[in-house]
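For reference, the chains in residue letters:
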Amino acid sequence: MGSNIFFILCLIALSCLCCDAVEVKLLVEGSKSIAKTDEDFICATLDWWPETKCNYNQCPWGKAGILNLDLKNKILANAIRAFSSLRIRIGGSLQDQVAYDVSGASLRKCPHFKRTEGGLFGFSKGCLPKERWDQINNFFHEMGVRLTFSLNALVGRRKGGGPDDSLMVGGWDSKNAYDLINYTASKGYKIDSYELGNELCGSGVSARVEAVQYAKDTVALKKIVANFYPNPATRPKVLGPAGFYDKQWFDAFLDTTGPNVVDGVTHHIYNLGAGVDPTLINKIQDPSFLDQIAETYRDVTATIERHSPWAGAWVGEAGGAYNSGGRYVSHSFVDGFWYLDQLGMTAKFNHKVFCRQSLIGGNYGLLNTNTFIPNPDYYGALLWHRLMGTRVLSASHTGSSYLRAYSHCSKKTTGIAVLVINMSKYTTFEVSVEDDAKIYKYDQEGYVNAYEREEYHLTPKDGNILSDVLLLNGVALKLTGASGIPAMEPHVVDASFPMKIAPRSIVFAVLKDFKATACA
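If you check an unreviewed UniProt entry, the chain appears there as Heparanase 1 from Salvia splendens. Per UniProt, the chain carries the Function (unreviewed entry) text "Endoglycosidase which is a cell surface and extracellular matrix-degrading enzyme. Cleaves heparan sulfate proteoglycans (HSPGs) into heparan sulfate side chains and core proteoglycans." Here the chain is described in UniProt, under the heading Sequence similarities (unreviewed entry), as follows: "Belongs to the glycosyl hydrolase 79 family."

This is the structure:
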């Protein structure tokens, strides 16, 4: 009897694998916007790590650190230029050990980062030479980059002593930062924003600073920036605190800084845990796990509304898995389930910018560390940047939690754009988009409207979710002969038919004729 039941259950399971697609109605409420992002929501980071940055018996940074990065590489230039106005944040763990050699007299030597026992994150102090700063700014100007530069916030501080060895006390010595900002302004280099410190808030990572002191130092930075940029219209923004959210610390920091000091409240996200975690690939495909971080986004938004309503929420750094990401996972197709879902989720919680760690470097780079060839998430980021507008719409369905859906006003056309992520291993979904006013699909006489829809279906090569090769509408995305980013053209289909979302695939779609009053 038991064997018969087992046999029947097996037949049921097998039949499910071959069953018809599941129909889902995606309701997009176009009557009002629920949140708004910055025009350049997509952001990527460049870090300071040298070649000797190693984790888990691997050294995945190569020459991708900002001091060593080949700024003459054609693929790098084309990858940045494809965005027209990509946000880039220069910052990271070692930034709080960087000196700026821009005056020619303030520093007797400009040392390189070296492995040293007892140093912050295991490294000695380093230096940014004036020549390199010139090269970076000239390159970014040519590429149209909107640059955030994150400053060393530990200069002048000392260890507080006592049982808390990570606490740094004393005020920030702003002299070297003053010199850098002075030099930068005098050269006419365009900086979108300055940020103070990296992961020093709350309990910190390797060091921490108390909230009230950090706030005073941020006010000092604001005054320096205002001094060199007297015109508010062209003045760089001031961001902070660039660390992991801690409600009590963030509340005290924002209350002490006061009105109109912090323009962007930056916090960091590594919600997938350590890069070496063998369950990393499972977490990325688990919708209940991915949903857990929503509480942080909600809390950050609430903190800003209560204590700093003039500022916007930014994810200032997010790599998914910390310590350089997962060796086989963070650069592959499956990482897009985490990355694009986070973009959609943070936008819903009124975040203005999302900075991916990293543009290049580590295992989580949008570009391959050694070849510079774009990884799958690069193309996902580029499609978001080109298709998803600033106004966020409510998108919901009552289907499987493995089907994630987000909608924005279309960026460059009328109508809306939607992002649909199918994390299911076996199930195909047929998704029909409907509007809350019931005027999109049918005309006044009840007939189906003859609209068109542009679709971008993203799948991995050979169905392997650990592949680095991304297919767009079934064709592999490859660099052009001139090392250029390939054109990404949509399939144009009859919008009266549902979108067919294959298992383990990601779909962007633009519905130009969707009448959303919030997008008018």
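Moving on, there is more to tell.
Draft legend 1. Quick peek at the sheet that holds strand β16 (residues 351–356). Spatially, the 8 strands close up into a barrel ordered β3-β4-β7-β10-β11-β12-β14-β16, and their pairing is parallel. Each neighbouring strand pair of the sheet contributes to a mean axis angle of 25°, computed without reference to strand direction. Pairing analysis gives 3 bridges linking strand β3 (residues 42–46) to β16, with the strands arranged parallel. The residue bridging Ala44 from the neighbouring strand is Arg356, located in β16. On the sheet, helix α9 (residues 294–307) packs against β12 (264–269), β14 (312–318) and β16 and is oriented at approximately 160° with respect to β12.

Draft legend 2. Up close: the environment of Met345. Inspection of the secondary structure puts Met345 in helix α10 (residues 335–348). Judged by relative accessible area, which is 6%, Met345 ranks as buried. Considered as a pair, Met345 and Arg404 are 59 residues apart in the sequence and their alpha carbons are 9.9 Å apart.

Draft legend 3. Spotlight on the pattern of salt bridges. All told, the structure shown has 23 salt bridges when counted by the stated rule. Close ionic contact of Arg87 with Asp38 constitutes a salt bridge, the shortest N to O distance being 3.2 Å. Placement of the pair is Arg87 in strand β4 (residues 87–90) and Asp38 in the loop between β2 (35–36) and β3, with a sequence separation of 49 residues. For Arg87, a relative accessible area of 1% gives the class buried. Residue classification places Asp38 among the partly exposed positions, given a relative accessible area of 22%. Taken together, the salt bridges that share partners define one network made up of Asp38, Asp40, Arg87, Arg146, Asp192 and Lys237.

Each value, and the rule that gives it
Residues numbered from 1 in each chain as written. Predicted model: local features only at pLDDT ≥ 70, side-chain atom pairs only at ≥ 80, totals over all residues. Heavy atoms only, no water. UniProt positions renumbered as here; feature names shortened; annotations may be inferred. Pairing = 2+ DSSP bridges. Helix = DSSP H or I, 4+ residues; strand = E, 2+ residues; numbered from the N terminus. Axes fitted to C-alpha atoms, helices over the stretch in contact; angles between N-to-C directions. Contact = heavy atoms within 4.5 Å. Buried < 20%, exposed > 50% of the residue type's maximum accessible area, 1.4 Å probe, protein only. Salt bridge = Lys/Arg side-chain N within 4 Å of Asp/Glu carboxyl O.

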